[in-house]
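Next come the chains, spelled out residue by residue.
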Amino acid sequence: MKVQDAIYQRKSTRRFTKSEIAGNIIEEIIAAGTQAPSPKNDQPWKFLVIKSIEKKKRIADILENQLNRIKSKYIRQGNYREDIIGAFETVRIIKEAPTLIFVYLDFQKCKGHDDGVRWELNAKDIECTHIMAIGAAIQNMLLMATEKEVNSLWIADIFYAYNELQAYLGEEGCMVAAIALGYGMDIGKKVSRRGLKEVMKYI
Ligand SMILES: Cc1cc2nc3c(=O)[nH]c(=O)nc-3n(C[C@H](O)[C@H](O)[C@H](O)COP(=O)(O)O)c2cc1C
């Protein structure tokens with residue numbers, strides 16, 4: 001498959017069959033992640049692969065409990081949070097997807113320069129640049145998954161239960177994202193994108 005085809009064919013999948021992904025394919029997908037560029041070639045990533053039904057269920061339960069807690073807090077304030085309602089869908093996806101990969105930023109590996117500049121988003125340059133590398137690794141993984149006819153979902157809803165999941169998984173480093181992988185069913189149409197006229201300009 002051409003890179004161009006993988007880029008244009010990849011789309012988020014939120015319904016998976018029970019079919020398992022072979023170990024060698026999971027490894028090829030992660031290996032593609034490790035080919036991403038990173039500041040000073042620090043390769044600040046770490047991947048935690050979870051296939052166990054019990055562990056996925058536990059992760060989903062932890063997320064669901066936190067979502068319920070946040071939901072009731074906002075409901076008490078008369079605030080209906082659409083993002084929280086949407087995140088309950090992720091709870092189901094985490095249980096259903098045959099493979100879940102947690103991607104970590106491993107601060108032990110971040111040796112690139114640190115000017116200590118705090119950006120508006122209140123993160124230091126070294127944190128931002130290494131998180132960019134993690135994003136590049138994840139995108140490589142999703143493209144390799146597409147090539148292997150494996151469907152995927154990039155998940156950030158785990159942040160609703162950040163501390164609880166960090167504690168449960170017990171890994172050193174910062175959880176940056178999760179990826180659900182599997183063979184999709186009911187895959188919808190590709191969602192549209194803003195056109196180039198809107199997002200780019202020559203200066
Ligand atoms: C950083 C990031 C976090 C995301 N988190 C979630 C998530 O937690 N749950 C979810 O259903 N989709 C999540 N998505 C998927 C986006 O909703 C999806 O990429 C977007 O709607 C565009 O659709 P496409 O991936 O099919 O092109 C995430 C995507 C990115 C890049």
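Above: the structure in question.
The structure contained in this document is the topic of the report that follows.

Rules and cut-offs
- Residues numbered from 1 in each chain as written.
- Predicted model: local features only at pLDDT ≥ 70, side-chain atom pairs only at ≥ 80, totals over all residues.
- Heavy atoms only, no water.
- Phe/Tyr/Trp six-rings, centres within 6.5 Å; stacked < 30°, edge-to-face > 60°.
- Lys NZ or Arg CZ within 6 Å of the ring centre and 35° of its normal.
- 1 Å grid on protein atoms, 1.4 Å probe; cavity = no way out; pocket = protein on both sides within 12 Å on 5 of 7 lines; lining within 4 Å.
- Points joined across faces, edges and corners; volume = space filled by probe spheres on them.
- Helix = DSSP H or I, 4+ residues; strand = E, 2+ residues; numbered from the N terminus.
- Nonpolar A, V, L, I, M, F, W, Y, C, P; charged D, E, K, R; others polar.
- Near = heavy atom within 4 Å.
- Polar contact = N/O pair within 3.5 Å; in protein donor to acceptor, adjacent residues only side chain to side chain.
- Areas by Shrake-Rupley, 256 points an atom, 1.4 Å probe, with all protein chains shown as cover.
- Buried < 20%, exposed > 50% of the residue type's maximum accessible area, 1.4 Å probe, protein only.
- Arc of directions from axis to C-beta.
- Contact = heavy atoms within 4.5 Å.
- Patch = residues over 30% accessible without salt bridge, like charges linked within 9 Å, V, L, I, M, F, W, Y side chains within 5 Å.
- Salt bridge = Lys/Arg side-chain N within 4 Å of Asp/Glu carboxyl O.
- Pairing = 2+ DSSP bridges.
- Axes fitted to C-alpha atoms, helices over the stretch in contact; angles between N-to-C directions.

## Re the packing of aromatic side chains
Here comes step 1: If you walk through the whole model with that rule in mind, you get one aromatic pair.
Here comes step 2: Just above the ring of Tyr-168 sits the side chain of Arg-58; from NZ or CZ to the centre is 5.6 Å.
Here comes step 3: In this arrangement the basic side chain of Arg-81 is found over the ring face of Tyr-74, its NZ or CZ atom lying 4.3 Å from the centre.

## Digging into empty space enclosed by the protein
Here comes step 1: Scanning the entire structure with this criterion turns up one cavity of 30 Å³ or more.
Here comes step 2: Taken together, Ile-70, Lys-71, Tyr-74, Ile-75, Asn-79, Tyr-80, Arg-81, Ile-84 and Ile-85 form the lining of the largest cavity.
Here comes step 3: At the level of elements, α3 (53-76) and α4 (82-96) are the ones that each hand at least two residues to the lining of the largest cavity.
Here comes step 4: Looking at which element gives the most residues to the lining of the largest cavity, the answer is α3, with four residues.
Here comes step 5: Class assignment of the residues belonging to the lining of the largest cavity gives a composition of six nonpolar, one polar and two charged.

## Observations regarding the site of the ligand
Here comes step 1: Near the ligand you find Arg-10, Lys-11, Ser-12, Arg-14, Thr-90, Leu-153, Trp-154, Ile-155, Ala-156, Asp-157, Val-191 and Arg-193, and these make up its full shell.
Here comes step 2: One nitrogen or oxygen atom from the side chain of Ser-12 is found 2.5 Å from an oxygen atom belonging to the ligand.
Here comes step 3: Arg-193 is positioned with one of its side-chain polar atoms (N or O) 2.7 Å from an oxygen atom of the ligand.
Here comes step 4: Here the ligand loses 67% of its free accessible area of 620 Å² to cover by the protein chains.
Here comes step 5: Of all the elements, strand β3 (residues 151-155) adds the most residues to the shell around the ligand, at three residues.
Here comes step 6: Taken together, the residues that form the shell around the ligand break down as five nonpolar, two polar and five charged.

## Description of helix α6 (residues 162-169)
Count 3.6 residues to each turn of an α-helix, and residues three or four apart come out pointing the same way.
Here comes step 1: Looking only at α6, the buried set comprises Tyr-162, Leu-165, Gln-166 and Leu-169. Angularly, the buried residues of α6 cover 105 degrees about the axis, an arc narrow enough to put them on a single face. In α6, the exposed positions angled more than 90 degrees off the buried face are occupied by Asn-163 and Ala-167.
Here comes step 2: Tucked into the core, α6 has its buried residues touching β1 (45-50), α3, β2 (99-105) and β4 (174-182).
Here comes step 3: Directly beyond the C-terminal end of α6, a positive phi value near 65 degrees is found at Gly-170.

## Some details on unusual backbone geometry
Generally, phi is negative for residues other than glycine and the peptide bonds are trans, each holding for most cases.
Here comes step 1: Of note in this structure, Gln-43 is not a glycine but carries a positive phi near 50 degrees.
Here comes step 2: Of note, the phi angle at Glu-149 is positive, near 60 degrees, even though the residue is not glycine.
Here comes step 3: Assignment of secondary structure puts Glu-149 in the loop between α5 (125-147) and β3.

## A few points about a nonpolar patch on the surface
Here comes step 1: Residues Leu-196, Val-199, Met-200 and Tyr-202 make up a contiguous nonpolar surface patch of roughly 490 Å² in combined accessible area.
Here comes step 2: Positionally, Val-199 belongs in helix α7 (residues 196-199).
Here comes step 3: A relative accessible area of 49% means that Val-199 is categorised as partly exposed.

## Observations regarding the pairing of β3
Here comes step 1: With four of its five residues buried, β3 lies for the most part within the structure.
Here comes step 2: Where β3 lies against β4, five bridges are found, and the strand directions are antiparallel. Its bridge partner being in β4, Ser-152 is matched across the sheet by Leu-181.

## Notes on the sheet that holds β2
Here comes step 1: With antiparallel pairing, the four strands of this open sheet are ordered in space as β1-β2-β4-β3. Because the sheet does not close on itself, it has two edges, and the strands there are β1 and β3. Going across the sheet, the axis of each strand differs from the next one's by a mean of 20 degrees, ignoring polarity.
Here comes step 2: Sheet analysis places β1 next to β2, joined by six bridges and oriented antiparallel. When the bridges of β2 are listed, Leu-48 appears paired with Phe-102.
Here comes step 3: Sitting on the sheet, α6 touches β1, β2 and β4, and the angle it makes with β4 is about 80 degrees.

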